[in-house]
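Listed below are the residues making up each chain.
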Amino acid sequence: MSRTVGVSDLALRLPQEHDITIMAHENPDGDAVGCVVALMLMAQKLGVAHRVYLPGDTPISPEYSFLPGLEDIERGEFPKLHSNTSVYIMDSASASRLDISILKCAGDCINIDHHQDNDGYGTLNLVDPTAASTTQILFNIFRAGDLPIDATIGTALYLGLVTDTGRFQYSNTTPEAHRMAAYLQEAGVDVNRVFSLVYERTPLPKTRLLGIALDRLTLRLDGALAASSLSAADFEAAGADERHTEGIIDELRRIEGVRVAAFVRERVSDEGTQQKVSLRSTDGSVDVAAIAHLEGGGGHVRAAGFTADGDAESVIAWLEREVRTRL
Ligand code: 5GP
Ligand code: MN
């Protein structure tokens, strides 16, 4: 059974919960981390028993390490759930980016997300593609229930908002997003402190990795497609890992004349070598989610991704063909 719920349904439900599990998608970004921390702190305030879990083993980016409670987040194998726990899953478009055993939970699985391609995998689904971030949906739930948003919870909510809107510059930056920021600032969030902590502490390996990626940049299709790739050896040379790739795609996208940016990086695991691909469309005229879907990935019209077999050059050649037919 799967049904749609509204902000006020969850606002009523949350304070009445006895035991909840809080989670978000693997390789967590600022929105995913902001969501789990904000809900964890709110559960604490409401006296709701809770545990927090993030699938996968990609460490949480150091930029977000200033948030409280990160040490309480369980990683690795999915924990055994109490039979009646409600699982709150945030910012995850599909169950494929989660540990699959979670769907076996006996209690409700509550899917809270803003991805337009969310497949409604929850038993209860609150999906709002007009929300700039999933923390915005959480904010709306808290507000609807008159639940107390202090400066610390506000900071976690703000983190998701500021990162998912590209510091209030992307096309998802609505008046609503600005109103939420204003509310949070009045609640005590120090926006300049968040800026300093998130954006002004670049680790040297990240800058080195960016240098290699820019060196490897090629422009194709008369400059409409910007592509770059990083191999496992590049990561090693820079002393970097996946966490340090955030933002590289934005450098490719911002080049004049580029309509699609593609950033491919090698991932070596027990299952072999694969290529993780990030795609961006500058003006939305090329639907990059449609391209990602062809390879089993997903995302939004302007930002999508997938994982593929093969070497980076063949993945980029395939992308070039797919983008060419869509220009
Ligand atoms: P990013 O390039 O920042 O990793 O991801 C951009 C967008 O594409 C995000 O909204 C993310 O949800 C989506 N995305 C990235 N990789 C995958 C993937 O492997 N599968 C799916 N379904 N979506 C992805
Ligand atoms: Mn998000």
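Shown above is the structure to which this text applies.
Residues numbered from 1 in each chain as written. Chains lettered and ligands numbered in written order. Predicted model: local features only at pLDDT ≥ 70, side-chain atom pairs only at ≥ 80, totals over all residues. Heavy atoms only, no water.

Okay, the packing of helix 4 (residues 151-164) against helix 6 (residues 191-199) next. Where helix 4 meets helix 6, the axes come as close as 11 Å, and the angle between the chain directions of the two elements is 60°. For the element pair helix 4 / helix 6, the angle class is oblique. The handedness of the crossing between helix 4 and helix 6 is right-handed. Where helix 4 approaches helix 6, its residues Thr 155, Tyr 158, Leu 159, Val 162 and Thr 163 are matched on the opposing element by Val 191, Val 194, Val 198 and Tyr 199. (Axes fitted to C-alpha atoms, helices over the stretch in contact; angles between N-to-C directions. Helix = DSSP H or I, 4+ residues; strand = E, 2+ residues; numbered from the N terminus. Parallel < 35°, antiparallel > 145°, perpendicular 65-115°, else oblique. Left-handed = near helix turned anticlockwise from the far one by under 90°. Contact = heavy atoms within 4.5 Å.)

Spatially, the six strands line up as an open sheet ordered 8-9-10-11-13-12, and their pairing is mixed. Whereas interior strands pair on both sides, the edge strands pair on one side only; in this sheet they are strand 8 (218-220) and strand 12 (298-299). Strand direction decides the pairing type here: strand 12 and strand 13 (residues 303-308), joined by two bridges, are antiparallel. Pairing of Gly 299 across the sheet is with Ala 304, part of strand 13. Sitting on the sheet, helix 11 (residues 312-324) is in contact with strand 8, strand 9 (225-230), strand 10 (260-269), strand 11 (272-281) and strand 13, with an inclination near 165° to strand 9. (Pairing = 2+ DSSP bridges.)

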